[in-house]
Amino acid sequence: MANIPAAQGKNTLKRRRIMSDLRYDLKHNKTLLLMVFPSILYLFVLSYLPMVGIYYAFTNYNYQGGLFGSPFVGLANFKFLFASGTAWKLTFNTVFYNLIFIFGGTALRIAIAIMLSEIIGNIFRKVTQTIIFLPHFVSMVLVGVFAYNLMNYETGLLNNIITSLGGERFDFYGTPWIWRLIIPAVEFWKSTGYGTIIYLAAILGISEEIYEAAIIDGVTFMQKIRYITLPSLKPTFTILLLMSLGGIIRGQFDLFYQLIGNNGLLFGTTDIIDTYVYRVLRVSPNIGMGSAVGLYQSVIGALMVLGSNYLIRKLEPENALF
Amino acid sequence: MSSATKYTRGHATFNVISKAILAGFATACLLPFILMIIGSFTDNTTVLVNGYSLFPEKWSLAAYELIFKYPKQVIDAYKVTIFVTTVGTAIALTITTISGYALSRPTFRSRNRIALYLYFPSLFGGGLIPWYIMMTQVLKLSDSIWALIIPSLVSTYNIFLVRNFIRTSVPLELFESAKIDGAGELRTFGQIILPLITPVTATVGLFIALGYWNDWFLSNLFITTSSKYSLQYYLYNMLNSSKALQELKAISGDISIEIDLPSETAKLAMAVVATGPIIMLYPFVQRYFVRGLVIGSVKG
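Just so we're clear, the structure is a prediction, and the values are computed from it rather than from any experiment. (Residues numbered from 1 in each chain as written. Chains lettered and ligands numbered in written order. Predicted model: local features only at pLDDT ≥ 70, side-chain atom pairs only at ≥ 80, totals over all residues. Heavy atoms only, no water.)

A count of helical and extended segments in chain A gives 16 helices and zero strands. Taken over the C-alpha trace, chain A has a radius of gyration of 26 Å; the compact-globule value for 322 residues is 20 Å, which it surpasses by more than 25%. The C-alpha extent of chain A, read off along each of the three principal axes, is 70 × 60 × 45 Å. Each of the 322 residues in chain A was classed as buried or not, and the buried ones make up 50%. Relative to all contacts within chain A whose residues are 6 or more apart in sequence, the contacts with residues 24 or more apart total 63%. Accessible area of chain A: about 15,600 Å², with a carbon and sulfur share of 67%. Measuring between centres, the 24 positive side-chain charges of chain A sit 15 Å from its 16 negative side-chain charges. (Helix = DSSP H or I, 4+ residues; strand = E, 2+ residues; numbered from the N terminus. Rg over C-alpha atoms; globule rule 2.2 N^0.38 Å. Buried < 20%, exposed > 50% of the residue type's maximum accessible area, 1.4 Å probe, protein only. Contact = heavy atoms within 4.5 Å. Areas by Shrake-Rupley, 256 points an atom, 1.4 Å probe, with all protein chains shown as cover. Lys, Arg positive; Asp, Glu negative; His and termini not counted. Charge placed at Lys NZ, Arg CZ, Asp CG, Glu CD.)

A tally of helices and strands in chain B yields 13 helices and zero strands. Tracing chain B from N to C terminus, the helices and strands come up as α-α-α-α-α-α-α-α-α-α-α-α-α. Within the span of chain B, comprising 300 residues, buried residues form 50% of the whole. For chain B, the accessible surface area stands at approximately 14,200 Å², while carbon and sulfur atoms represent 66% of it.

Once that is clear, we can look at the nonpolar core. Residues Trp179 and Ile183 of chain A together with Met270 of chain B are the most contacted members of the largest nonpolar core, which totals 172 residues. For this core, the leading source of residues is helix α13 (residues 264-297) of chain B, giving 13 residues. Two domains each donate at least three residues to this core, and these are domain 1 (3-58) and domain 2 (78-319) of chain A. Apart from residues lying up to four places away in sequence, Trp179 of chain A is in contact with Tyr97, Met151, Phe172, Tyr173, Pro184, Leu259, Ile260, Leu266, Thr269 and Thr270 of chain A. (Core = buried A, V, L, I, M, F, W, Y, C linked by side-chain atoms within 4.5 Å. Domains from an automatic or database assignment.)

It is common to give the size of an interface as the accessible area that goes away when the parts come together. All names here are of chain A. When the domains of chain A are assigned, the result is domain 1 (3-58) and domain 2 (78-319). One C-alpha centre belongs to domain 1, the other to domain 2; they are set 36 Å apart. The partner domain 2 presents six residues to the four residues of domain 1 that form the contact. Each partner contributes to the roughly 390 Å² buried at the junction of domain 1 and domain 2, and carbon and sulfur atoms together form 82% of this total. At the boundary of domain 1 and domain 2, one finds zero salt bridges. Inspection of the region where domain 1 meets domain 2 yields zero residue pairs in polar contact (both at pLDDT 80 or more). (Buried area = accessible area lost by both parts, 1.4 Å probe. Salt bridge = Lys/Arg side-chain N within 4 Å of Asp/Glu carboxyl O. Polar contact = N/O pair within 3.5 Å; in protein donor to acceptor, adjacent residues only side chain to side chain.)

So, about helix α10 (residues 208-216) of chain A. You can read the cap of α10 of chain A off the contacts: a side-chain oxygen lies 3.1 Å from the backbone nitrogen of Glu209 of chain A, and it is on Ser207 of chain A. Within two residues after α10 of chain A, Gly218 of chain A carries a phi angle of roughly 85 degrees, on the positive side.

Dropping the structure here:
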């Protein structure tokens, strides 16, 4: 009981400090406040105000009723989503792909960064780096075009190769399971080159003296990689890993939508939360249900970021977000 | 690492294997682009009969002739994308740098609270649907070209990049001496700081510009008039209208539907036309993107 007045006192003190700082800035830093004002206003209108729309998740929204005229249904939308299995399926797919992207992607990035830093020949290194970096720059629409050119049933290059080798045409766009392999492959294709840079920078940051001392001590090349390079990448690896784990419930809408589109045949293995919300908005409107999924994603997402930030703060305090 | 050292046997083996793997991966990265370019110069019937190939039997310019026979739509899409990219990048970069500057000033007492306010929406939000309703029903931006610009104007991440760069690379004495010389914050920003932070403005500007150039999603959400489609969405629409028509044809068995169907190769020619500028500029801007990642990874 004795704590409560003290806590209240602390709160009022804190509030008083916020207000006095603000008064100070209004008096002495008017220009600075004005400079940051466009961003404040922008986020107020396009991020904070729409948070009111979280209420949609608890309604059976209809356009006549609008935000507050639609019938309130409590947790019915959530109950339906979980009872029908939709929420579990979406969560599974979203997390499944993100785990593959994170762990597979990281392994690839580190491996390629080490290879790039150790190969002999600057021109080869430059050219390779430039090429593997290229996919990052093109739009997902183009990625969809590429995928279609390679894999469509009648004219796709892969099917041409299969038939010219005497095989049967393979119906990629009608075979759900194969997309569990194709989607990660496309994601690795697009983002590995770019993701390699950060590890390359970390490798270049390792002191040359450590390597030289090791060579004098007679370590072999592979021992050098194993005992010097890899351990030096650990801080970078840990931070990036934790940060991406924070985003594990947020899917890459662009990637999935450009590859799968509205091909319902493949939804079982490819539908993620973000594509589902999009369809609920655009294809078969159900604002209440879509908002419910969105809210679920947002809450879990926030918890994941807070959790990962907590871990980062424990391990590498200077890299924590807040 | 340094080329002066003598290579051990382990290193030599590693070098050979690595080069083979890297060459393979680089080929995989490049192959779809080559396939696209060759495909766009292939005769359409050859594609329909033999499929896509790296060594087509018959070459043709027909796909490009087809696109540029009635160039109005392509030109409209180009205009939209160029307008959105230049105007959007200019406004976004202005907002980003002035915000980043303000937040970097240690004398600005509310800076960390404002930073938290700017960061919070990346953590938690209403999601796509309430945002969409805000854009269309409150701000009435349906079918407006500003609907393609406004959604990407403010990025907290970019603001923080600028803030951190100023914090770590501009010495505080510079602000002091500017103040002594009687320069206000706006002048200090415009005449002293801005010229010093070009590495980060170039990088952030290119991040933003690339985002605008490659965007198809906002056109998809908000634009209904086809003359206001962005370039990428125009390409997307071309692909999907032909996919949809093919399905319709298969269901109805009505061959006359074929009249308006863009040929397979025309789609690729359009893809080349929509991506060309990016690939041309790529070698020159690549280093700014590299720098951006490195700046981002060092926290101030």
